[in-house]
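Understanding the architecture of this molecule
Listed here are the chains, written in short residue letters.
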Amino acid sequence: MPRNKNFQKRITILDECFSSRTGFFTLERLIHIVEEKLGGTVSRKTIQNDIKYIRETIEETNSDVFDFSEYPIFVPKLIDNKKKVFRYSNPDLSLGSQLLSKSDRQQLEETLAILSRYKNRQEFYWLDELFPRIKASFNIVHEDYNGLISYQNNRHYSGQSWLGTLYNQLIRKKVLIIEYKRFNDENSYSRKIHPYHLKQYNNRWFLFGYEESESYTGITNLPLDRICKIKETVDDIRPDTISWGDYFDEMIGVSTTNEAAVEVKLKFSEKMIPYVLTKPIHGTNQERDKSDPEGRTITIKVLPNLELYQTILSFGDDVKVLSPKLVIKKMKEISQSLNNFYN
């Protein structure tokens, strides 16, 4: 059945009624109580479906403990003025006592598993307090999720502390004055930024936005670990007209260039091509070159930026750039520099 915004409230109200040892709660009486507490009308069919849901949930949760054919959930043949009365035969069967059905418990455990990957991040410190309370309250016994599965995460990333702040600023849509310090600079300087988008790449976070400064005006990105201070202004940001999904479709990583996207053709070794096909270099537009009878060539249309060359280099001698000329030229320059290191 569809679960609207009042579903859980209705279930809680009905569960309390069924658990009561006093009073006679007929269907009409239940409808009246729910309407009174919610301040709106509720159909007869809705309450009947809610009762059905409660019955099925209790049966699912306690099927290994109770034989419901012998011990019904509701007191049988309980009548008030010729109308059926709903009352739990055993108060311990109430949802409030059980807290979670099997399916709810599974969903909660899966949710905890997802949240656990963020436990070590500063802006999610409250999870360390919340997790034990949830496990104790709902009697959930589970291994430490971090001991079962690992996610790529840099616990000591210095820019992590700005993530929650900047996320809130994206929602507030106010211009920011960001005190920024580059790696090789001794002093920081101020940048006026209209914040638009946060992106994670290679275990670092980057803020994309529109910058207004004497030396540059336009779209820019700032690595969070270079931010020293953030000050919100009263000015509203310029409207964000960029489709960020499309923006990153022609880019590996986060670096922009003054050049347009180019079609890069790469031929891989026999041992490497299966990995590239199952884990694409750039999944958005990677295609297999049908003209290669060996099936070891792929094409991607991307900006010729720093991250592209770093990605190609990561494959070592298992890849060869076939085109375009500007990428081949750059790879030759990098290869020559590497060769000089060892001569």
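Before reading further, recall that the structure is shown in the block above.
Counting restarts for each chain: residues are numbered from 1 in the order of the written sequence. Totals for whole chains, interfaces and linings use all residues, but because this is a predicted model, local features are given only for residues with pLDDT of at least 70 and pairs of side-chain atoms are given and counted only at 80 or more. Note that the side-chain values use all heavy atoms of the structure and ignore hydrogens as well as water.

Re the sheet that holds strand β11 (residues 319-323)
Spatially, 4 strands are ordered β9-β10-β8-β11 in an open sheet, and the strand pairing comes out antiparallel. With one partner strand each, in any of the chains shown, β9 (287-288) and β11 form the two edges of the open sheet. Being paired, for any two strands, means DSSP has found at least two bridges between them. Each helix corresponds to a stretch of at least 4 residues labelled H or I by DSSP, and each strand to a stretch of at least 2 residues labelled E; elements are numbered beginning at the N terminus.

Describing unusual backbone geometry
At the junction of Ser323 and Pro324, the peptide bond is cis and its omega measures out at 0° in the coordinates. In this fold, Pro324 is placed in the loop between β11 and α12 (325-341). We note that Lys77 has phi near 55°; this positive angle belongs to a residue other than glycine. For Lys77, the position within the fold is in the loop between α3 (44-62) and β1 (79-80). Phi at Asn81 takes a positive value of approximately 55°, unusual for a residue other than glycine. Looking at the element boundaries, Asn81 is found in the loop between β1 and β2 (83-84).

Topic: the packing of aromatic side chains
Each pair of aromatic rings taken from Phe, Tyr and Trp, with Trp reduced to its six-membered ring, is defined by centres within 6.5 Å and is described as stacked if the planes are under 30 degrees apart, edge-to-face if over 60, and tilted in the remaining cases. For the structure shown, the criterion picks out 15 aromatic pairs. An angle of 40° between the planes, with centres 6.1 Å apart, marks the rings of Phe18 and Phe86 as tilted. Linking Phe18 in helix α1 (residues 7-19) with Phe86 in the loop between β2 and α4 (95-98), this pair joins segments that are 68 residues apart in sequence. Summarising the aromatic geometry, the rings of Tyr196 and Trp244 are spaced 6.4 Å apart at their centres and angled 55° between planes, so their arrangement reads as tilted. Of this pair, Tyr196 sits in strand β4 (residues 189-201) while Trp244 sits in helix α9 (residues 244-247), and the two are 48 residues apart along the sequence. Of the two residues, Tyr196 and Trp244, neither departs from the other in class, the shared state being buried. Members of the aromatic cluster, each reached through a chain of ring pairs, are Tyr196, Phe208, Trp244, Tyr247 and Phe248. Only Lys NZ and Arg CZ are tested; either one counts as a charge over a ring when it is within 6 Å of the ring centre and within 35 degrees of the ring normal. A cation over an aromatic ring shows up here: Lys84 above the ring of Phe86, its NZ or CZ 5.2 Å from the ring centre. Over the face of the ring belonging to Tyr210 we find Arg238, whose NZ or CZ atom lies 4.0 Å from the ring centre. Three exposure classes are used, based on accessible area relative to the maximum for each residue type with a 1.4 Å probe and protein chains only: buried under 20%, partly exposed in between, and exposed over 50%.

Describing α3
To estimate the expected span of a helix, count its residues, drop one, and scale the result by 1.5 Å. Over its 19 residues, α3 extends 27 Å from the first C-alpha to the last, a length consistent with the 27 Å expected when each residue adds 1.5 Å. Within α3, burial applies to Ile47, Asp50, Ile51, Tyr53, Ile54, Thr57, Ile58, Thr61 and Asn62. The buried residues of α3 occupy an angular sector of 155° when the element is viewed end-on, so they sit on one face. Picture the helix axis, draw a direction to every C-beta atom, and the arc is the one those directions span.

Here we look at the packing of α1 against helix α2 (residues 27-38)
Angular values range over 0 to 180 degrees, each being the angle between N-to-C directions of two axes fitted as lines to C-alpha atoms, with helices fitted over their stretch in contact. Closest axis-to-axis distance for the α1/α2 pair is 10 Å, and the angle between their directions is 130°. Of the possible angle classes, the one that applies to α1 and α2 is oblique. At the point where α1 passes α2, the crossing takes the right-handed sense. Counted together, Lys9, Arg10, Ile13, Leu14, Glu16, Cys17 and Phe18 of α1 and Leu30, Ile33, Val34, Lys37 and Leu38 of α2 form the full contact between these two elements. Residue type decides the class: Asp, Glu, Lys and Arg count as charged, Ala, Val, Leu, Ile, Met, Phe, Trp, Tyr, Cys and Pro as nonpolar, and the leftover types, Gly among them, as polar. Residue composition of the contact of α1 with α2, grouped by class: 8 nonpolar, no polar and 4 charged. Any angle from 65 to 115 degrees is called roughly perpendicular, while one under 35 is roughly parallel, one over 145 is roughly antiparallel, and all others are oblique. In this scheme the handedness of a crossing depends on how the near helix is turned from the far one: anticlockwise by less than a right angle means left-handed, clockwise means right-handed. Residue contacts follow a heavy-atom distance rule, with two residues in contact if any of their heavy atoms lie within 4.5 Å.

Concerning the side chain of Thr299
On the secondary structure map, Thr299 appears in strand β10 (residues 297-302). Non-local contacts of Thr299, meaning those with residues more than four positions away in its chain, are made with Glu263, Val264, Lys265, Asn285, Gln286 and Glu287.

What about a nonpolar patch on the surface?
On the surface, Leu313, Leu338, Phe341 and Tyr342 cluster together into a nonpolar patch covering about 480 Å² of accessible area. Mapped onto the fold, Phe341 is located in helix α12. Note on Phe341: relative accessible area 64%, which makes it exposed. Nonpolar side chains (Val, Leu, Ile, Met, Phe, Trp, Tyr) within 5 Å and like charges within 9 Å form the patches, drawn only from residues with over 30% relative accessible area and no salt bridge. The Shrake-Rupley method, run with a 1.4 Å probe sphere, supplies the accessible areas, and residue values consider only the shown protein chains as cover. By definition here, a salt bridge exists when the distance from a side-chain nitrogen of Lys or Arg to a carboxyl oxygen of Asp or Glu is within 4 Å.

Some points on the environment of Val321
Along the chain, Val321 falls in strand β11. Judged by relative accessible area, which is 14%, Val321 ranks as buried. As a C-alpha pair, Val321 and Phe268 span 53 residues in sequence and 9.0 Å in three-dimensional space. Those residues in contact with Val321 that sit more than four places away from it in its chain are Lys265, Leu266, Ile312, Val327, Ile328 and Met331.

Everything listed here is a matter of coordinates, which is why it stays silent on function.
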